[in-house]
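Letter by letter, the chains look like this.
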There are 2 protein chains.
Amino acid sequence: MSRRPLTDAVGGTFTPAVAALEAFVLRGGKRVRPAFAWTGWLGAGGDPAGPDAAAVLRACSALELVQACALVHDDIIDSSRTRRGHPTLHVEFAAQHRAGDWSGEPAKFGESIAILLGDLALSWADDMIRESGVDAAGQVRLGPVWSAMRTEVLGGQYLDVSTEVTADESVAAALRINRYKTAAYTIERPLHLGAAVAGADADLIDAYREFGTDIGIAFQLRDDLLGVFGDPAVTGKPSGDDLREGKRTVLFAEALLRADATDPAAAELLRRSIGADLGEDQVERLRGLITDLGAVDEVERRIAELTASGLRALDDSSAVPAAKAGLREMALAATRRSA
Amino acid sequence: MSRRPLTDAVGGTFTPAVAALEAFVLRGGKRVRPAFAWTGWLGAGGDPAGPDAAAVLRACSALELVQACALVHDDIIDSSRTRRGHPTLHVEFAAQHRAGDWSGEPAKFGESIAILLGDLALSWADDMIRESGVDAAGQVRLGPVWSAMRTEVLGGQYLDVSTEVTADESVAAALRINRYKTAAYTIERPLHLGAAVAGADADLIDAYREFGTDIGIAFQLRDDLLGVFGDPAVTGKPSGDDLREGKRTVLFAEALLRADATDPAAAELLRRSIGADLGEDQVERLRGLITDLGAVDEVERRIAELTASGLRALDDSSAVPAAKAGLREMALAATRRSA
């Protein structure tokens, strides 16, 4: 699918801007969502050598364009400066503005352009589904899943932004964000989408969704641990970044819950530190505290439990064996990873 | 179509936010785009009492959700404070933040939420087309038009932002923005969409597109005149707003072109004034200057010419008479309006 004739028709400075968006999408990322969708289709009996395979692959790839919108807009919201080893889009366009000595505020210009390019990616995701070649019956089956996935991820992002400013400290709030921003969007709905295109029965879809929700939540819990304890050389992010950014993770909520019950001074320190500009020694102290409070053990316990229940749902399902093995491997990679 | 079950499932603070978006969409606006799409369908022989009418009406209404995204995101980009007599969405959420005494920057929070709610409206626009009830053959016909319309309006907005900061002074640049941001998006593509759903032949589609492009450009040229000469009591905007905002309109480009050729001091004054914080007497002086340079006459001439050629294309078309009459009336209202 190419939008080139359309974007060239608009022309002017729009053409190089579209090239910047294309470079952003092609630059990489792990293609996790398309991989789950594709494996979901295979597991429901899709034939990778069959006549539908190319169309299904295109439909799965559309998930990468939704993700491009989510990243570009999230980077504005989080004021992130780098992404995938490059400047974020809004930073890139602010730099262009500065280099050109244009009128107005460079930062404002960068954000405006990034808002529009994110919208473009979201529109194109939809075009790509529509033009994938998946037949009319398949489009009808995938429609509600596609719809749910986009509303859920936007809802999850909304809750994330809202929870951060209201400083909602509950484990429930952190789990809700985790469920919609990560689990549903990254694993559950991509698998569901692949299954729907394949015309899978309700039992397999239920099994996929159970697997996807459990593994997806476990994946985010692992990410929460890495955000505080990860090795910067492996994760590529400064150590303890989640604490400095004030992220309301399940890990942090668990630590706070325990501190409130047993150690008021520790609770006070946690509340004072979250979202603050912390030095390495302060981060180290918080790490010790979070561990001593038992929050790490609790999160590890949840990861193990969710991984086990997710894999059980997969094992008991009617998914074809090769896809089952693939999904098991993907699940373990997602929940045991160190980066 | 209701997204309520989906948004309620996400829950938390997402539910009231969705209500704010719904209120924004329902609050009004002139529903110009759905009206053109619907009339385009009628003109191509669609039967308003027939079995397809309800589905087509839903598909036409989806244009209003694209417009909601465009407005919400444009209001962030333009730092607009009010819209349709209410605070803009980003201003509304910044006020909530302030009232709740939450952590972080109110303005940043408001913009973040408005980015996400705009994305939600864009996703829902697509859901609405998909779930409209238009049959598979109709979906295939409308797909490329729906796709072109969204890419074009985003391209037009992109050019608008980019032209403003680079201070591109050409009439061509202003016309290009006008073509994609307004004409294609407001009239040409909505009509085309309605015609495509009805299965219109290529001749009628060509005639609609010619009519839509000409009338759409004329509509924006009228808007440009009102942005400088309009009566605030009628337009609802401060007089001379386009000059203060630094909008690079065809009107301004024509004035500058003439001033450069005949009156360097006038050209210097125009360049110094555009985008500046002007008092009412300064705006009045610029009005006189723009008129004396002949730019107003030139823009009026273009409006008359485009209106005539657009109406000719309509008259010569095979559109059914009642729809023809309706479109003629809509064209005259759009190009002669005083607000």
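Scoring rules and cut-offs
Residues numbered from 1 in each chain as written. Chains lettered and ligands numbered in written order. Predicted model: local features only at pLDDT ≥ 70, side-chain atom pairs only at ≥ 80, totals over all residues. Heavy atoms only, no water. UniProt positions renumbered as here; feature names shortened; annotations may be inferred. Helix = DSSP H or I, 4+ residues; strand = E, 2+ residues; numbered from the N terminus. Rg over C-alpha atoms; globule rule 2.2 N^0.38 Å. Buried < 20%, exposed > 50% of the residue type's maximum accessible area, 1.4 Å probe, protein only. Contact = heavy atoms within 4.5 Å. Areas by Shrake-Rupley, 256 points an atom, 1.4 Å probe, with all protein chains shown as cover. Lys, Arg positive; Asp, Glu negative; His and termini not counted. Charge placed at Lys NZ, Arg CZ, Asp CG, Glu CD. Salt bridge = Lys/Arg side-chain N within 4 Å of Asp/Glu carboxyl O. Axes fitted to C-alpha atoms, helices over the stretch in contact; angles between N-to-C directions. Parallel < 35°, antiparallel > 145°, perpendicular 65-115°, else oblique. Nonpolar A, V, L, I, M, F, W, Y, C, P; charged D, E, K, R; others polar. Buried area = accessible area lost by both parts, 1.4 Å probe. Polar contact = N/O pair within 3.5 Å; in protein donor to acceptor, adjacent residues only side chain to side chain. Least-squares fit on C-alpha atoms with pLDDT ≥ 70 in both. Patch = residues over 30% accessible without salt bridge, like charges linked within 9 Å, V, L, I, M, F, W, Y side chains within 5 Å. Expected span 1.5 Å × (residues − 1). Arc of directions from axis to C-beta. Core = buried A, V, L, I, M, F, W, Y, C linked by side-chain atoms within 4.5 Å. Phe/Tyr/Trp six-rings, centres within 6.5 Å; stacked < 30°, edge-to-face > 60°.

- Per an unreviewed UniProt entry, chain A carries the name Geranylgeranyl diphosphate synthase, type I and comes from Rhodococcus tukisamuensis.
- Its UniProt record, at the heading Cofactor (unreviewed entry), says of chain A: "Mg(2+)".
- Under the UniProt heading Pathway (unreviewed entry), the entry covering chain A gives this text: "Isoprenoid biosynthesis."

## A few points about the overall build of chain A
Here is step 1 of the chain: Tallying secondary structure elements over chain A gives 16 helices and two strands in all.
Here is step 2 of the chain: Taking 339 residues into account, the globule formula puts the C-alpha radius of gyration at 20 Å, and chain A, at 21 Å, falls close to it.
Here is step 3 of the chain: With respect to the three principal axes, the spread of C-alpha positions in chain A is 65 × 60 × 30 Å.
Here is step 4 of the chain: When each of the 339 residues of chain A is scored for burial, the buried share is 58%.
Here is step 5 of the chain: Sequence-distant contacts in chain A: of pairs separated by 6 or more residues, those separated by 24 or more amount to 71%.
Here is step 6 of the chain: Total accessible area on chain A stands at roughly 13,300 Å², and carbon and sulfur atoms take up 54% of it.
Here is step 7 of the chain: Across chain A, the mean location of the 37 positive side-chain charges is 1 Å away from that of the 50 negative side-chain charges.

## Regarding the environment of Phe93(B)
Here is step 1 of the chain: You can see Phe93(B) is positioned in helix H5 (residues 89–100).
Here is step 2 of the chain: Assessed through its relative accessible area of 1%, Phe93(B) is described here as buried.
Here is step 3 of the chain: A C-alpha to C-alpha distance of 7.8 Å links Phe93(B) and Pro106(B), two positions 13 residues apart in sequence.
Here is step 4 of the chain: The contact partners of Phe93(B), leaving out residues within four places of it in the chain, are Tyr158(A), Ala17(B), Ala20(B), Phe109(B), Gly110(B), Ile113(B) and Leu117(B).

## Structural notes on the pattern of salt bridges
Here is step 1 of the chain: Tallied over the full model, the rule gives 56 salt bridges over all chains.
Here is step 2 of the chain: Taking the shortest distance from any N to any O, the salt bridge between Glu254(A) and Arg258(A) comes out at 3.5 Å. Placement of the pair is Glu254(A) and Arg258(A) together in helix H12 (residues 250–262), with a separation of four residues, close to one helical turn.
Here is step 3 of the chain: Residue classification places Glu254(A) among the buried residues on the basis of a relative accessible area of 3%.
Here is step 4 of the chain: Note that Asp241(B) is salt-bridged to Arg244(B), the shortest N-O span being 4.0 Å. Of the two residues, Asp241(B) and Arg244(B) are both situated in helix H11 (residues 241–245); the distance of three residues between them amounts to about one turn of the helix.
Here is step 5 of the chain: For Asp241(B), a relative accessible area of 15% translates into the label buried.
Here is step 6 of the chain: Judged by its relative accessible area of 22%, Arg244(B) falls in the partly exposed class.
Here is step 7 of the chain: Sharing partners across several salt bridges, the network here consists of Glu254(A), Arg258(A), Glu298(A), Arg301(A), Arg302(A) and Glu305(A).

## Points about the packing of helix H8 (residues 171–198) of chain B against helix H12 (residues 250–262) of chain B
Residues and elements named next belong to chain B.
Here is step 1 of the chain: The contact between H8 and H12 brings their axes to 8 Å, and the two run at 170°. With respect to H12, the axis of H8 lies roughly antiparallel. On H12, the residues that touch Val171, Ala174 and Leu175 of H8 are Val250, Ala253, Glu254 and Leu257.
Here is step 2 of the chain: Of the residues contributing to the contact of H8 with H12, the split by class is six nonpolar, no polar and one charged.

## Observations concerning the interface of chain A and chain B
Here is step 1 of the chain: Counting from both sides, the interface comprises 59 residues of chain A and, opposite them, 59 residues of chain B.
Here is step 2 of the chain: Of the roughly 5,000 Å² buried where chain A meets chain B, counting both sides, 63% is carbon and sulfur surface.
Here is step 3 of the chain: For the interface between chain A and chain B, the tally reads four salt bridges.
Here is step 4 of the chain: A salt bridge links Arg150(B) to Asp127(A), with the shortest nitrogen-to-oxygen separation between them at 2.2 Å.
Here is step 5 of the chain: On inspection of chain A and its partner chain B, the count reaches 26 residue pairs in polar contact (both at pLDDT 80 or more).
Here is step 6 of the chain: Counting residues per element, the ones that place at least two in the side of chain A that touches chain B are helix H1 (4–10), helix H2 (14–26), helix H4 (53–77), helix H5 (89–100), helix H6 (106–130), helix H7 (136–166) and helix H8 (171–198) of chain A.
Here is step 7 of the chain: Sort the elements by how many residues they give to the side of chain A that touches chain B and H7(A) lands first, with 21 residues.
Here is step 8 of the chain: Residues belonging to the side of chain A that touches chain B are distributed by class as follows: 28 nonpolar, 19 polar and twelve charged.

## Here we look at the relation of the copies chain A and chain B
Here is step 1 of the chain: It takes a turn of 180° to lay chain A on chain B, together with a shift of 0.0 Å along the axis; the resulting RMSD is 0.0 Å. What we have between these two chains is a two-fold relation. Within chain A, the C-alpha atom positioned nearest to the axis of rotation is that of Ala136(A), 3.1 Å from it.
Here is step 2 of the chain: The residues that chain A uses at the interface reappear at the interface of chain B in 100% of cases, marking a shared surface.

## A short note on a negative patch on the surface
Residues and elements named next belong to chain A.
Here is step 1 of the chain: On the surface, Asp201, Asp203, Asp206, Glu210 and Asp316 cluster together into a negatively charged patch.
Here is step 2 of the chain: Inspection of the secondary structure assignment puts Glu210 in helix H9 (residues 202–229).
Here is step 3 of the chain: Relative accessible area serves as the criterion here: at 44%, Glu210 is assigned to the partly exposed category.

## Concerning H2(A)
Here is step 1 of the chain: For H2(A), with 13 residues, the first-to-last C-alpha span of 18 Å sits near the 18 Å given by 1.5 Å per residue.
Here is step 2 of the chain: Buried within H2(A) are the following residues: Phe14(A), Ala17(A), Val18(A), Ala20(A), Leu21(A), Phe24(A) and Val25(A). Mapping the buried residues of H2(A) onto a view down its axis gives an arc of 150°, with all of them on the same face. Turned more than 90 degrees away from the buried face of H2(A), the exposed residues are Pro16(A) and Leu26(A).
Here is step 3 of the chain: In the core, the buried residues of H2(A) are packed alongside H1, H4, strand E1 (82–83), H5 and H6 of chain A together with helix H7 (136–166) of chain B.
Here is step 4 of the chain: Looking one or two residues beyond H2(A), the residue adopting positive phi is Gly28(A), at roughly 135°.

## Re the nonpolar core
Here is step 1 of the chain: By size, the foremost hydrophobic cluster in this structure holds 120 residues, and its most contacted members are Leu89(A), Phe93(A), Trp146(A), Leu89(B), Phe93(B) and Trp146(B).
Here is step 2 of the chain: In contact with Leu89(A), not counting residues within four places along its chain, are Ala20(A), Leu21(A), Phe24(A), Val72(A), Ala114(A) and Leu117(A).

## Some points on the environment of Phe219(B)
All names here are of chain B.
Here is step 1 of the chain: Positionally, Phe219 belongs in helix H9 (residues 202–229).
Here is step 2 of the chain: In this structure the C-alpha to C-alpha distance between Phe219 and Asp101, which are 118 residues apart in sequence, comes to 44 Å.
Here is step 3 of the chain: Setting aside residues no more than four positions away along its own chain, Phe219 makes contact with Thr182, Thr186, Ala334, Thr335 and Arg337.

## What to know about the packing of aromatic side chains
All names here are of chain A.
Here is step 1 of the chain: Tallying each qualifying case throughout the model produces six aromatic pairs over all chains.
Here is step 2 of the chain: Seen from their ring centres, Trp102 and Phe109 are 5.6 Å apart, and the 80° between their planes marks the pair as edge-to-face.
Here is step 3 of the chain: On the basis of relative accessible area, Phe109 is assigned to the buried category, the value being 5%.

## Some points on helix H3 (residues 32–43) of chain B
Residue and element names in this part refer to chain B.
Here is step 1 of the chain: Look at H3: 16 Å from first C-alpha to last across twelve residues, which is about the 16 Å you get at 1.5 Å a residue.
Here is step 2 of the chain: Most of H3 sits inside the fold, with nine of its twelve residues counted as buried.
Here is step 3 of the chain: Listed in full, the buried residues belonging to H3 are Arg33, Pro34, Phe36, Ala37, Trp38, Thr39, Gly40, Trp41 and Gly43.
Here is step 4 of the chain: Along its buried surface, H3 packs onto helix H4 (53–77), H8, H9 and helix H16 (321–336).

## Regarding unusual backbone geometry
Here is step 1 of the chain: Within the chain, Arg31(A) stands out as a residue other than glycine whose phi angle is a positive 55°.
Here is step 2 of the chain: Note that Arg31(A) resides in the loop between H2 and helix H3 (32–43).

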